[in-house]
Amino acid sequence: MRNTVVFVAAAVTLELILGLALAMALQRQQRVRDLTRAFLLTPMFVTPIAVGLMFRFLLNEQLGAIPAILDNVGLDIDFFGPSLALPTIIAIDVWQWTPFMVLLLLAGLESLPRQPFEAARVDGASAWMTFRRVTLPLLKPAIGIAVLLRALDAFKVFEYVFATTRGGPGNATETIQYQIYRTGFQFFRIGEAAAMAFVLIAVVLLL
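Rules of the game
- Numbering of residues begins from 1 in every chain and follows the order in which that chain's sequence is written.
- Restriction of local features to residues with pLDDT of at least 70 applies here, the model being predicted, together with a cutoff of 80 or more for giving and counting side-chain atom pairs; totals for whole chains, interfaces and linings are based on all residues.
- Only hydrogens and water are set aside; all other atoms, that is, all heavy atoms of the structure, feed into the side-chain values.
- Every angle, taken between N-to-C directions, lies between 0 and 180 degrees, and every axis is a line fitted to C-alpha atoms, over only the stretch in contact when it is a helix.
- Here a helix means four or more residues in a row that DSSP labels H or I, a strand means two or more in a row labelled E, and each is numbered from the N terminus.
- Orientation is classified from the angle alone, with under 35 degrees giving roughly parallel, over 145 giving roughly antiparallel, 65 to 115 giving roughly perpendicular, and any other angle giving oblique.
- Handedness of each helix crossing follows the sense of rotation of the near helix against the far helix: counterclockwise by less than a right angle gives left-handed, clockwise gives right-handed.
- Should any heavy atoms of two residues lie within 4.5 Å, those residues are considered in contact.
- Polar here means any residue outside two lists: the nonpolar Ala, Val, Leu, Ile, Met, Phe, Trp, Tyr, Cys and Pro, and the charged Asp, Glu, Lys and Arg; Gly therefore counts as polar.
- Patches draw on residues past 30% relative accessible area with no salt bridge. Two like charges within 9 Å are joined, as are two nonpolar side chains (Val, Leu, Ile, Met, Phe, Trp, Tyr) within 5 Å.
- Using a 1.4 Å probe, the Shrake-Rupley method yields the accessible areas, and only the shown protein chains count as cover for residues.
- Here, a salt bridge means any Lys or Arg side-chain nitrogen found within 4 Å of an Asp or Glu carboxyl oxygen.
- Two residue types count as positive, namely Lys and Arg, and two as negative, namely Asp and Glu; His and chain ends fall outside the count.
- One atom stands in for each charge, and that atom is NZ of Lys, CZ of Arg, CG of Asp or CD of Glu.
- Burial here depends on accessible area, computed with a 1.4 Å probe over protein chains only, as a share of the maximum for the residue type. Under 20% is buried, over 50% is exposed, and the range in between is partly exposed.
- Any two of the Phe, Tyr and Trp rings considered here, Trp counted by its six-membered ring, make a pair once their centres fall within 6.5 Å; the pair's planes then place it as stacked at under 30 degrees, edge-to-face at over 60, or tilted in between.

> Requested: an account of the packing of helix H9 (residues 176-186) against helix H10 (residues 190-206), with residues and values cited.
Contact pair H9 / H10: the axes reach a minimum separation of 7 Å and the direction vectors enclose 160°. Here H10 runs roughly antiparallel to H9, going by the angle between their axes. For the pair H9 and H10, the crossing hand works out as left-handed. Packed against H9, whose contacting residues are Ile176, Gln177, Gln179, Ile180, Thr183 and Gly184, the element H10 presents Ile190, Glu192, Ala193, Met196, Ala197 and Leu200 at the interface. Residues of the contact of H9 with H10, tallied by class, amount to seven nonpolar, four polar and one charged.

Rendered as structure tokens:
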């Protein structure tokens, strides 16, 4: 439960910050807008299990391209070691699902009325003040929906764990979904796994 809560909180927070920054940059972009948006949205259309396998090989300490590059500059990093395994899973989720946040927040930004921004500009408000006092308050409904949808989906995290760490090292990356899978299909305690699944459904429905 702790791993799942940490995963959801960290991943959704990072996705919100990056998604909002990218959405505001895309809104101001003048040239090749469609091409840039298509490129940025690509990761969310890849199957999560394929993303997990891709990063499993990219970040593998012995065979991975990224550790090899880092090793050439004197950095020896085990991305799936005890201290970095969960942050690595979070980073994989951020890479794939930040575009989802961008999509929702960009739609929210483009639906905002222009009059408050024009009034702020006439009154001499700085860019930061306009963002803080005008953009964020008007964007709150879109942010709320984006965070809720993404958090509920993040609670289901399974594919990345299954493809990369299998809950390890130890139980550093074992999430609720992966524990249900192990209980039911590895330990064959089907009734216990079903009860855990129903509790998770109840939690998600309450949220």
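> I'd like to hear about a negative patch on the surface, residue by residue, with values.
A surface patch of like charges, here negative, comprises Glu61, Asp71, Asp76 and Asp78. Mapping Asp71 onto the fold places it in helix H4 (residues 65-72). A residue is classified by how much of its surface remains accessible, and Asp71, at 49% relative accessible area, is partly exposed.

> Kindly report on the packing of aromatic side chains, identifying the contributing residues and their values.
Under the definition given, this model contains nine aromatic pairs. Measuring from ring centre to ring centre gives 5.3 Å for Phe158 and Tyr181, while their planes differ by 70°; the resulting arrangement is edge-to-face. Here the residue Phe158 occupies a position in the loop between helix H7 (127-154) and helix H8 (159-164), and Tyr181 occupies one in helix H9, the gap between them amounting to 23 residues. Judged by its relative accessible area of 23%, Tyr181 falls in the partly exposed class. A network of ring pairs unites the aromatic residues Phe158, Phe162, Tyr178, Tyr181 and Phe185 as a single cluster.

> I'd like a rundown of the pattern of salt bridges, residues and numbers included.
Charged atoms that come close allow side chains of opposite charge to pair. This structure, assessed with the given rule, holds eight salt bridges. Residue Glu15 is joined to Arg150 by a salt bridge in which the shortest nitrogen-to-oxygen separation is 2.8 Å. Here the residue Glu15 occupies a position in helix H1 (residues 2-28), and Arg150 occupies one in helix H7, the gap between them amounting to 135 residues. Note on Glu15: relative accessible area 0%, which makes it buried. Salt bridges sharing partners connect three or more residues here, namely Glu15, Asp93, Arg150, Asp153 and Lys156.

Bear in mind that shape data such as this cannot, by itself, settle questions of function.
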